[in-house]
Every structure is written in structure tokens, then in C-alpha cells.
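# Examination of the molecular architecture
Each chain is listed here by its residues.
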Amino acid sequence: MIDLYTWTTPNGRKASIALEELQLPYTVHAVDISKDEQFKPEFLKISPNNRIPAIVDSASGFSLMESGAILLYLAEKTGKLLPKDTEKRYRVIEWLMWQMGGIGPMLGQVHHFVKYNKGKAPYAEERYLKEAHRLYGVLERRLTGRDFVVDDYSIADIAIWPWISRFEWQTIDLNQYPNVKRWYVAIAQRPAVQKGYKVPKDVGEVPLPT
Ligand SMILES: N[C@@H](CCC(=O)N[C@@H](CS)C(=O)NCC(=O)O)C(=O)O
């Protein structure tokens, strides 16, 4: 049994979608970051960076923060969603790290400046929107002629997808990125993704592009 500490955000959804895909039993603990619950001392014990998501594997008592580390842990625990072949495995890890270092932090800045603080910092809006379009372009090229980021559906797709699901917040028209759109819609239809998206609570359907 896994204890999942999470909220309705892209990083949180990576963990819940992976748990659903892997059919691992888990207990959800909502950490409402809008009420600063991530700073509670009991949560800091399992997530020293006071951010969601975090997990505790009750079989061993092992706790883990950072969504990328959580995805790797769950994939290794089950032997799924991460290839065994060394080259393919590192290709998945490469794109997982690309998400962790690029897509997550940069699109997070777009949410901050473009969605929540529009007009306050035009330079930051321009800078992060430009970077968002560059990253969407990288993903578009990677998905040209491929169903998934690396061969079969993997933790790399699971890491990237929840950030793309906020394309409306990012003012991104997915029609500009047809391969990203096709990949996004295909993953959106997976039952585990639909379920994992609504953890820890249902805040509406998965956004679909027109
Ligand atoms: N690199 C971390 C980032 C986690 C993160 O930024 N989580 C956000 C929600 S998506 C959070 O907990 N924010 C709370 C805060 O900013 O205080 C990961 O991938 O797990």
C-alpha cells in the first residue's frame, strides 16, 4: 500500500496517474497548497522541500518526494512503464529529466505570470511564453512519427502529459502542434489517466482541445 500526498496540480497528477496505470493500491492524503498545508511539520517529515507530491510505501516505511523520483520508484517497484533494455531505459530517463528540468519549471512560470499575474511583468510573460513555445516545438518534433515519447507508453509520457493538460492556462493552441495534440488526446482517453486526473478531488473533466 502506498500513501500518496498530493493536490490537483500537474506534479501531483503524475503520481496519481502512475499509481492508477500500475494498479497499485494507494491511500490519498489531500495537501491543500492554497491553505499552506504543505508547510505543516508532519508533511515536512516526508517532503523536506514542502511540496507535493510525496509518497510513503507502507511496506517499508520508505518516503519519497519529487515527482520524477516517485515515477522511477513506482516503475522499478512494478517492473512496468520503464524499459529494461539499458539504452531504452535511459531514453525514458532522458525525457523524464527534460520534463523535470524544462517543461515543469518553465510552464510553471507561464502559469504564474500569464494566468495568475497577467500584465504585471510583461518581460517575464514574453520570456516564459517564448520558452513554452520552444518546449512545445521540441515535443512536437519528438512525437513526429512516434506514438509516445519513447517507443511504448512510459513514465516519460506520464510526467509530461499533466503539464500539457494546462494548455489553455498557457494560451497554447494545440492545433499549432498537431503531433502533441494527437499524443495528448490519445493519453487523455486512457481510463487510468481519467481517474488519476481526479485525485485528490474532482475539479472537472480533462480539458480537450477543439
Ligand atoms: N520538482 C518538484 C516540484 C513540486 C512542486 O512544485 N509542487 C507544487 C505543486 S505542482 C507545490 O507543492 N507547490 C507548493 C508551494 O509552492 O508552496 C516535483 O516535481 O515534485
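Residues numbered from 1 in each chain as written. Predicted model: local features only at pLDDT ≥ 70, side-chain atom pairs only at ≥ 80, totals over all residues. Heavy atoms only, no water.

## Description of the sheet that holds strand β4 (residues 62-65)
Cut-off, in case you're wondering: Two strands qualify as a pair provided DSSP detects at least 2 bridges between them. Secondary structure elements follow DSSP: runs of H or I no shorter than four residues count as helices, runs of E no shorter than two count as strands, and numbering proceeds from the N terminus. Angles run from 0 to 180 degrees between N-to-C directions of axes, and those axes are lines fitted to C-alpha atoms, restricted for helices to the stretch in contact. Residues are treated as being in contact if the distance between any of their heavy atoms lies within 4.5 Å.
On the basis of which strands lie adjacent, the open sheet formed by four strands has the order β2-β1-β3-β4 and mixed pairing. On the outer flanks of this sheet lie β2 (26-30) and β4, each paired with one strand and no other. Each neighbouring strand pair of the sheet contributes to a mean axis angle of 15 degrees, computed without reference to strand direction. Pairing of strand β1 (residues 2-6) with strand β3 (residues 54-57) involves four bridges; the strand directions are antiparallel. Counted as the bridge partner of Tyr5 is Ala54 from β3. Running at roughly 150 degrees to β1, helix α1 (residues 10-22) makes contact with β1 and β2 of the sheet. Its contacts with the sheet put helix α3 (residues 67-78) on β1, β3 and β4, and the angle it makes with β4 is roughly 135 degrees.

## Comments concerning the nonpolar core
Side chains that are nonpolar tend, in soluble globular proteins, to be buried together. Let me state the cut-off plainly: Buried Ala, Val, Leu, Ile, Met, Phe, Trp, Tyr and Cys residues form a nonpolar core when they are joined through side-chain atoms within 4.5 Å. Buried, partly exposed and exposed residues are distinguished by accessible area as a fraction of the type maximum, computed with a 1.4 Å probe on protein chains only: under 20%, between the cut-offs, and over 50%, respectively.
One finds Trp161, Ile164 and Trp183 to be the most contacted residues of the largest nonpolar core, which totals 61 residues. If you list the elements that add at least two residues to this core, you get β1, α1, α3, α4 (86-116), α5 (122-143), α6 (155-164), α7 (178-188) and α8 (191-197). By residue number, the principal contributor to this core is α4, which donates 10 residues. In this view, Trp161 contacts Ile17, Trp183, Tyr184, Ile187, Ala188, Val193, Tyr197 and Val206; residues no more than four positions away in its chain are not counted.

## As for the site of the ligand
What counts, and what does not: Any residue with a non-hydrogen atom lying within 4 Å of a molecule or strand is treated as near it. For the purposes of these results, a polar contact is taken to be a pair of N or O atoms within 3.5 Å, where, inside protein, one atom must be able to donate a hydrogen and its partner to accept one; residues adjacent in sequence count only when each atom of the pair is a side-chain atom. Method for areas: the Shrake-Rupley scheme with a 1.4 Å probe, in which residue coverage is limited to the protein chains shown. Using a grid of 1 Å spacing that covers the protein atoms alone, one calls a set of points a cavity when a 1.4 Å probe fits there but cannot get out, and a pocket when the set is open and has protein on both sides within 12 Å along at least five of seven lines; lining residues are those with an atom within 4 Å of a point. The rule for placing a molecule in a cavity or pocket is simple: more than half of its atoms must lie within 2 Å of the grid points. Gly is placed with the polar residues, together with every amino acid not listed as nonpolar (Ala, Val, Leu, Ile, Met, Phe, Trp, Tyr, Cys and Pro) or charged (Asp, Glu, Lys and Arg).
For the ligand, the full set of nearby residues is Thr9, Asn11, Lys14, Ile33, Gln38, Phe39, Arg51, Ile52, Pro53, Glu66, Ser67 and Met100. One of the side-chain N or O atoms of Arg51 is found 3.2 Å from an oxygen atom in the ligand. Look at the ligand: alone it shows 510 Å² of surface, and the protein chains cover 78% of it. More than half of the atoms of the ligand fall within 2 Å of the grid points belonging to the largest pocket. Looking at the shell around the ligand residue by residue, the classes come out as five nonpolar, four polar and three charged.

## So, the environment of Trp169
The residue Trp169 is located in the loop between α6 and α7 in this model. Classification of Trp169 by relative accessible area gives partly exposed; the value is 26%. Once the C-alpha coordinates of Trp169 and Trp98 are considered, the two residues, 71 residues apart in sequence, prove to be 21 Å apart. Sequence-distant contacts of Trp169, defined by excluding residues within four places in its chain, comprise His111, Val114, Lys115 and Tyr116.

What is shown is where atoms sit, not what they do.
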